[in-house]
Amino acid sequence: MTGRQWRDETFEDLQVTSRESAGRRVAVVTLDLPDRRNSMSAAMTASWVDLMGLLRLDPDLAAVVVTGAPPAFCAGGDLSWIVSEPDAAVSDLRSRMLAFYRSWLSIRDLEVPTIAAVNGSAIGAGFAIALACDLRYAAADAKLGVPFTSLGLHPGMATTWSLPDVAGQAVARDLLLTGRIINGDEAFRLGLVSRSVPAADVLDEALAAADRIAAAAPVATRLTLQALRGGGHADLETALQWEALAQATTLATDDVHEGIAAAAGRRAPRFQGR
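Residues numbered from 1 in each chain as written. Predicted model: local features only at pLDDT ≥ 70, side-chain atom pairs only at ≥ 80, totals over all residues. Heavy atoms only, no water.

**Student:** Is there a simple way to explain a nonpolar patch on the surface in this structure?
**Tutor:** Together, Leu79, Ile82, Val83, Leu151 and Leu153 make up a nonpolar patch on the protein surface, roughly 440 Å² of accessible area in all. Looking at where Leu151 falls in the secondary structure, it is placed in the loop between β7 (143-145) and α5 (159-167). Classification of Leu151 by relative accessible area gives exposed; the value is 57%. (Patch = residues over 30% accessible without salt bridge, like charges linked within 9 Å, V, L, I, M, F, W, Y side chains within 5 Å. Areas by Shrake-Rupley, 256 points an atom, 1.4 Å probe, with all protein chains shown as cover. Salt bridge = Lys/Arg side-chain N within 4 Å of Asp/Glu carboxyl O. Helix = DSSP H or I, 4+ residues; strand = E, 2+ residues; numbered from the N terminus. Buried < 20%, exposed > 50% of the residue type's maximum accessible area, 1.4 Å probe, protein only.)

Dropping the structure here:
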């Protein structure tokens, strides 16, 4: 790599650390504005966009873990500007919201698995960031919800798509129409998160998942991720056609021979991503 590297940079309202795992890198991103419960400030938003652009350029990146500076994960967008701009035109507001959504949802453009370690409250757009990740682990007592309508707002940050994509229409309609807040235990029961654990263990769970991903074959992982994102394949035939091509691609890699040899030798594989 040449030029700027994410692990050497500092970012306003974000803390970013690099974790070495199986010869690859895991980025641990902490939303870092605890006095405002890690709400999405303008500076944090700009830092996020910059960071996502740099992460996309790292060929050794295996996974990204996102968490919040305690005690919250993310309280959502900073709504103070709404009060200060009561006469803003709909067209201007639409442009502003689209830019905001696309800035934060840029995490979906990464070609590696992303993991949300929801260590505390994740509300509104903050919950949307967790939903935008591929995997989610939540503190049992974390508060999660999308109470947009209780503020007089239509839901944003693609939650009318991501909630049903993750947990189905029934759960999405319940949470979006009632605006009720749930805890991590209920989020697990509803299928919104992979696991609900004590708050002190959330980041460790997410990092353990990242380590397992880093130890897997990079080409196979990226192709699997593409198959699963966006709600998966439209039908059985589409899945068969994709898998026939994608599995054939992995069969042509050195990694598949390493994986088979490692399994036969009862040792950990050493994948090279080729």
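Next comes the rest of the write-up.
**Student:** Explain the packing of helix α4 (residues 125-132) against α5 to me, please; I cannot follow it from the model alone.
**Tutor:** Orientation of α4 relative to α5, taken along the N-to-C sense of each, is 50 degrees, at an axis distance of 10 Å. What the angle tells us is that α4 and α5 run oblique. Here α4 and α5 pass one another in a crossing that is left-handed. Packed against α4, whose contacting residues are Phe127, Ala128 and Leu131, the element α5 presents Thr159, Ser162, Leu163 and Val166 at the interface. Partitioned by chemical class, the residues of the contact of α4 with α5 number five nonpolar, two polar and no charged. (Axes fitted to C-alpha atoms, helices over the stretch in contact; angles between N-to-C directions. Parallel < 35°, antiparallel > 145°, perpendicular 65-115°, else oblique. Left-handed = near helix turned anticlockwise from the far one by under 90°. Contact = heavy atoms within 4.5 Å. Nonpolar A, V, L, I, M, F, W, Y, C, P; charged D, E, K, R; others polar.)

**Student:** Sorry, what's going on with the environment of Leu245 here?
**Tutor:** Summarising the element assignment, Leu245 is placed in helix α10 (residues 236-251). The sequence separation of Leu245 and Ile123 amounts to 122 residues, and the corresponding C-alpha distance is 40 Å.

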